[in-house]
Amino acid sequence: MKYYSLKNESVIVTFGEALLAGLAPDGGLWMPRGLPQFTPRETARLGAMCFADCAACLARFFVDTPFTDADLKRICHDAYDYPVPMRTFDGYHLDSATPEVAGAFVLELFHGPTLAFKDFAARFMARSASRLMQNSDETRTILVATSGDTGGAIGEAFLNQAGIEVYILFPQGGVSKVQRQQLTTIGNGLSNVHALSVAGTFDDCQQMVKDAFADDRLMKKHKLMSANSINVGRVVPQSFYYFWTSLQAKAAYVERDIVYAVPSGNLGNLTGGLMAWKMGAPIDHFVIGNNINDPFVEYLNTGKYRPRDAVPTLSNAMDIGRPNNFPRIMELFDGNFEALKKVCWGASFPDEETERHLRRIHTETGYVMCPHTAVGHLAMEAFKAEFGETFTGITVGTAHPAKFADRVEPILGQDIPMPNTLKNTVDRTPCFVEIAPDLDDLAEILAS
Ligand SMILES: Cc1ncc(COP(=O)(O)O)c(C=O)c1O
């Protein structure tokens, strides 16, 4: 597979070059040139595989030399050594659910090591980068700005990978308590992963990373690499779980349409879903849930795209006013708004509604969602109210609620049990460096 720059289609690179460079030299996002198209017979074969094998087969089409089939199998089995369940609020799994509950599943993408969907992309990306750098004495420096989940997933995925230093920039006071503990204890301060607490907002962190990438001297000196969802290596693996889970859902409920609800911010997750749909996955609609930072939902409803400054909400990882992946989505539809509207539908919700929804679902079923997943589920319910219940609805569960315990527990009035992976981090001593939102400070840290 070759990748082209969205700013100039004649700028073309390999998967390895796109992954390691992050952005095209002209500042454009990399885009895969020509997605694979699968026939129903081929998709049936892929659906019969386990998730890791299916991911390895799909990955074959997105990479090139030096990846062998055996490399991809090893990478995917090593990266995806945790379950990918679809379950109802009352605990039925897809294969045991009765037709009456066929309408309401949560795809829990939070059973990886950092309990968020970002693990799927970060772990594939890290293992691919490490394969590309094998036998070379090159070194790279990853800079990643995080509003909470990305930093932990990237840090965990790249921990102890030879030749790669990772710097995670997080906003002081802008991440949940659990996220902060996760971010600042990776490798216990003695590894290649370094946490930087920035005295500013997530936007400041993102701006510092952008400024560093625009600084030729820093780029050359440190061979900077991006790990945010502007990197196409983050977006491609997010198509794998849509592809595989839609085949499972279709096999279980052949007669019904398949609809995914995607809680969205930078639109990286949705881009992965739309790529799977374009490759022939049996998905009929995507329902987009935004919080009040809703430029994409507004676009779907009005045809007008108005990027803007973000405001803080309960679902903080979706506080994005200028979604990075909007140009990729436009490209997937050749800029055709009507074609996009046939596949995507959206709704946005203020925090009061999200809080009410978290409480209601918990009271009625006992199920606890993270605030992001709740926004997605609200959008799914709005879609059902408008179009009826004749489809299999799959709400994408993007993070474990325990990651947001400090926000969700007061809403529910009860404690959320902590999974073992989180328990392991609570007693560790946080290790981080405080810096001002200033490029010179960052340059000094990188040099030291
Ligand atoms: C828990 C959670 N939900 C949803 C999202 C939104 O995903 P995307 O930015 O790909 O739209 C994020 C992104 O950071 C997240 O961490």
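Residues numbered from 1 in each chain as written. Predicted model: local features only at pLDDT ≥ 70, side-chain atom pairs only at ≥ 80, totals over all residues.

Things to note about the overall build of the protein
- The secondary structure content of the protein amounts to 20 helices and 14 strands.
- A globule of 448 residues ought to have a C-alpha radius of gyration of about 22 Å, and the protein, at 21 Å, matches this closely.
- Overall, the C-alpha framework of the protein stretches about 60 × 50 × 40 Å when taken along its three principal axes.
- The 448 residues of the protein split such that 50% are buried.
- Across the protein, the fraction of contacts at a sequence separation of at least 24, relative to all contacts at a separation of at least 6, is 75%. (Helix = DSSP H or I, 4+ residues; strand = E, 2+ residues; numbered from the N terminus. Rg over C-alpha atoms; globule rule 2.2 N^0.38 Å. Buried ≥ 20, exposed ≤ 12 C-beta atoms within 10 Å, placed from the backbone. Contact = placed C-beta atoms within 7 Å.)

Considerations on the packing of helix 2 (residues 40-47) against helix 11 (residues 238-252)
- Running from N to C, helix 2 and helix 11 cross one another at 100 degrees; their axes reach a closest spacing of 9 Å. Classified by the angle between their axes, helix 2 and helix 11 sit roughly perpendicular to one another. Contacts between helix 2 and helix 11 involve Thr43, Leu46 and Gly47 from the former and Leu247, Gln248 and Ala251 from the latter.
- Of the residues that constitute the contact of helix 2 with helix 11, the class distribution is three nonpolar, three polar and no charged. (Axes fitted to C-alpha atoms, helices over the stretch in contact; angles between N-to-C directions. Parallel < 35°, antiparallel > 145°, perpendicular 65-115°, else oblique. Nonpolar A, V, L, I, M, F, W, Y, C, P; charged D, E, K, R; others polar.)

Remarks on the domain arrangement of the protein
- According to the domain assignment, the protein contains domain 1 (1-31), domain 2 (82-111 + 235-416) and domain 3 (116-228 + 418-448).
- For domain 1 and domain 2, the distance between their C-alpha centroids amounts to 29 Å. (Domains from an automatic or database assignment.)

Quick word on helix 6 (residues 149-158)
- Counting buried residues in helix 6 gives ten out of ten residues, a clear majority hidden from the surface.
- Phi for asparagine 160, located one or two positions after helix 6, is positive at around 65 degrees.

What about the site of the ligand?
- In the vicinity of the ligand there are 18 residues, among which Asn266, Gly268, Ala317, His372 and Thr398 approach most closely.
- For the shell around the ligand, the secondary structure elements donating two or more residues are helix 6 and helix 12 (268-278).
- No other element matches helix 12, which puts three residues into the shell around the ligand.
- Looking at which domains feed residues into the shell around the ligand, each of domain 2 (82-111 + 235-416) and domain 3 (116-228 + 418-448) gives three or more. (Near = placed C-beta within 6 Å.)

Describing the pairing of strand 11 (residues 285-290)
- When you tally the buried positions in strand 11, you get five out of six residues, the bulk of the element.
- Pairing of strand 10 (residues 257-263) with strand 11, which is carried by five bridges, proceeds in the parallel orientation. Counterpart to proline 263 in the pairing with strand 11 is glycine 289.
- A crossover connection joins strand 10 to the parallel strand 11 through helix 12; in handedness this β-α-β unit is right-handed.
- In this structure, strand 11 lies alongside strand 12 (residues 344-348), joined through five bridges in parallel fashion. (Pairing = 2+ DSSP bridges. Right-handed = clockwise from strand over helix to strand, strands pointing away.)

Considerations on the nonpolar core
- Ranked by size, the top nonpolar core spans 136 residues in total, and within it Ala55, Ile142, Ile154, Ile168, Leu169, Tyr260 and Val287 carry the most contacts.
- Not counting residues within four places of it along the chain, the set of residues in contact with isoleucine 168 comprises Val144, Thr146, Gly151, Ile154, Gly155, Leu183, Ala195 and Leu196. (Core = buried A, V, L, I, M, F, W, Y, C linked by C-beta atoms within 7 Å.)

Quick word on the sheet that holds strand 3 (residues 30-32)
- As summarised here, the arrangement of the three strands in space is 2-1-3, forming an open sheet in which the pairing is antiparallel. Edge positions in the open sheet fall to strand 2 (8-14) and strand 3, since each of these has one partner strand only. Sheet twist, expressed as the average angle between the axes of neighbouring strands with direction ignored, equals 40 degrees.
- Relative to strand 2, strand 1 (residues 2-5) is paired through four bridges, and the arrangement is antiparallel. Paired with tyrosine 3 across the bridge in strand 2 is valine 13.

Section: unusual backbone geometry
- For the bond from threonine 65 to proline 66, the omega torsion is 10 degrees, close enough to zero to count as cis.
- For asparagine 160, which is not a glycine, the phi torsion comes out positive at approximately 65 degrees.
- Within the element layout of this structure, asparagine 160 appears in the loop between helix 6 and strand 7 (164-171).
- Given 10 C-beta atoms within 10 Å, asparagine 160 falls into the exposed group.
- In the Ramachandran plot, leucine 267 falls in the positive-phi region, its phi being about 70 degrees despite a non-glycine side chain.
- Assignment of secondary structure puts leucine 267 in the loop between strand 10 and helix 12.

Quick word on the sheet that holds strand 12
- Pairing in this open sheet of six strands is mixed, and the strands run 4-5-13-10-11-12 from one edge to the other. Every interior strand has two partners, whereas the edge strands, strand 4 (86-87) and strand 12, have only one.
- Inspection of the sheet shows strand 10 paired to strand 13 (residues 391-397) by five bridges, in the parallel sense. Residue tyrosine 260 lies in a different strand from strand 13, and its bridge partner there is isoleucine 394.
- On top of the sheet, helix 13 (residues 295-302) reaches strand 11 and strand 12; it is set at about 120 degrees to strand 12, its chief contact.

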